[in-house]
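Residues per chain, in single letters:
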Amino acid sequence: MSTIKELDAVALTCDLPEYRLTRGDVGAVVLVHGDGTAFEVEFIGYDGHTVALLTLERNQVRSLQTTDIPHARELVAV
């Protein structure tokens, strides 16, 4: 696994329906906890509003790869 640092973009590896997030959604790491076992990750919409700011464990995110492709989806209203 590659090292994840602050300000890195990461992708979710699981769905988080309670936050309206799905596997593959991309967020920015704003804080690395300890030796990289957990991260504060901010997910934002294209209009700039914060969708969620979450503490996620290492197995819930992954680094982006050069083989990834950007994707847009509509956020389901609550």
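Residues numbered from 1 in each chain as written. Predicted model: local features only at pLDDT ≥ 70, side-chain atom pairs only at ≥ 80, totals over all residues. Heavy atoms only, no water.

1. Structural notes on unusual backbone geometry
(1) Moving on: Residue Leu7 is not a glycine yet carries a positive backbone phi of 80°.
(2) Moving on: For Leu7, the position within the fold is in the segment before strand 1 (9–12).
(3) Moving on: By relative accessible area, Leu7 is classed as exposed at 73%.
(4) Moving on: A positive phi is found at Arg20, a non-glycine position, where the angle reads about 65°.
(5) Moving on: Among the structural elements, Arg20 can be located in the loop between strand 1 and strand 2 (26–33). (Helix = DSSP H or I, 4+ residues; strand = E, 2+ residues; numbered from the N terminus. Buried < 20%, exposed > 50% of the residue type's maximum accessible area, 1.4 Å probe, protein only.)

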